[in-house]
Amino acid sequence: MTDTIFDTWLHTQYLEAMSFAQKSDMLKLAPVAGAPPYKYLAEFRCDGLVESRGEISVSDRHLIGVSFPSDYLRSSSHPGQVLTWLEPAAEFHPNIRSPFCCVGHIAPGMSLLNLLHQVFQMITWQRYTPREDDALNADACRWARRNAERLPIDSRRSMLDTTGAQETGDSEGGADDR
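Note that the coordinates shown come from a computational prediction; the quantities given were computed from them, not determined experimentally. (Residues numbered from 1 in each chain as written. Predicted model: local features only at pLDDT ≥ 70, side-chain atom pairs only at ≥ 80, totals over all residues. Heavy atoms only, no water.)

*Asks:* What is the right way to look at the side chain of E91 in this model?
*Replies:* When you line up the elements, E91 lands in the loop between strand 6 (83–87) and strand 7 (96–97). Those residues in contact with E91 that sit more than four places away from it in its chain are G48, L49, V50, H62, W85, I96 and I123. (Helix = DSSP H or I, 4+ residues; strand = E, 2+ residues; numbered from the N terminus. Contact = heavy atoms within 4.5 Å.)

Structure, rendered in structure tokens:
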């Protein structure tokens, strides 16, 4: 049985998100399943952090999967049902531990662009949980407290602003002080 309301919503999300991605220098979006699409791969080109052998460094490419369950318009979804962290596997953030990515509460019908913007805010460290008991990566919480002056990692404040990047200082390197 076809859910025409859900299909219409999915089609609207597809049109809006693909139109946005075509104009964006920081988001590539590819539908991967469904007509209209209900699964996407989203590649973010913005600065975030990765950890390798105890060293924290900057990464400028991040890949997630987005999948809308059939009851997405009727009930709140757990972030693990909707978002899957794909790359880099060593992403360093309190709310990310591959394959999990927690943006917090996902209200029924939250738009694809809103979800993607929340992920962008996490990657760039504009959004994170400071509570170690509520984090996927407690080490990243501790790092954030010691390095608050370095946050956010990327100088662009919004993924949704297509007018260009804001210059607020050096966003390259120097992120390895834990």
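*Asks:* I'm lost on a nonpolar patch on the surface in this one. Help?
*Replies:* Together, V32, L41 and L86 make up a nonpolar patch on the protein surface, roughly 220 Å² of accessible area in all. Tracing the backbone shows L41 in strand 2 (residues 37–44). Exposure remark for L41: the relative accessible area of 33% places this residue in the partly exposed category. (Patch = residues over 30% accessible without salt bridge, like charges linked within 9 Å, V, L, I, M, F, W, Y side chains within 5 Å. Areas by Shrake-Rupley, 256 points an atom, 1.4 Å probe, with all protein chains shown as cover. Salt bridge = Lys/Arg side-chain N within 4 Å of Asp/Glu carboxyl O. Buried < 20%, exposed > 50% of the residue type's maximum accessible area, 1.4 Å probe, protein only.)

*Asks:* How should the packing of aromatic side chains be read in this particular structure?
*Replies:* For any pair of aromatic rings, the description rests on two quantities: the centre-to-centre distance and the angle between the ring planes. Overall, the coordinates contain eight aromatic pairs when judged by the stated rule. Aromatic side chains F68 and Y72 sit 4.8 Å apart centroid to centroid with 65° between the ring planes, which places their arrangement in the edge-to-face category. Residue class for Y72 comes out buried when judged on its relative accessible area of 0%. Clustering of aromatic rings is evident, with ring pairs tying together F6, W9, F68 and Y72. (Phe/Tyr/Trp six-rings, centres within 6.5 Å; stacked < 30°, edge-to-face > 60°.)

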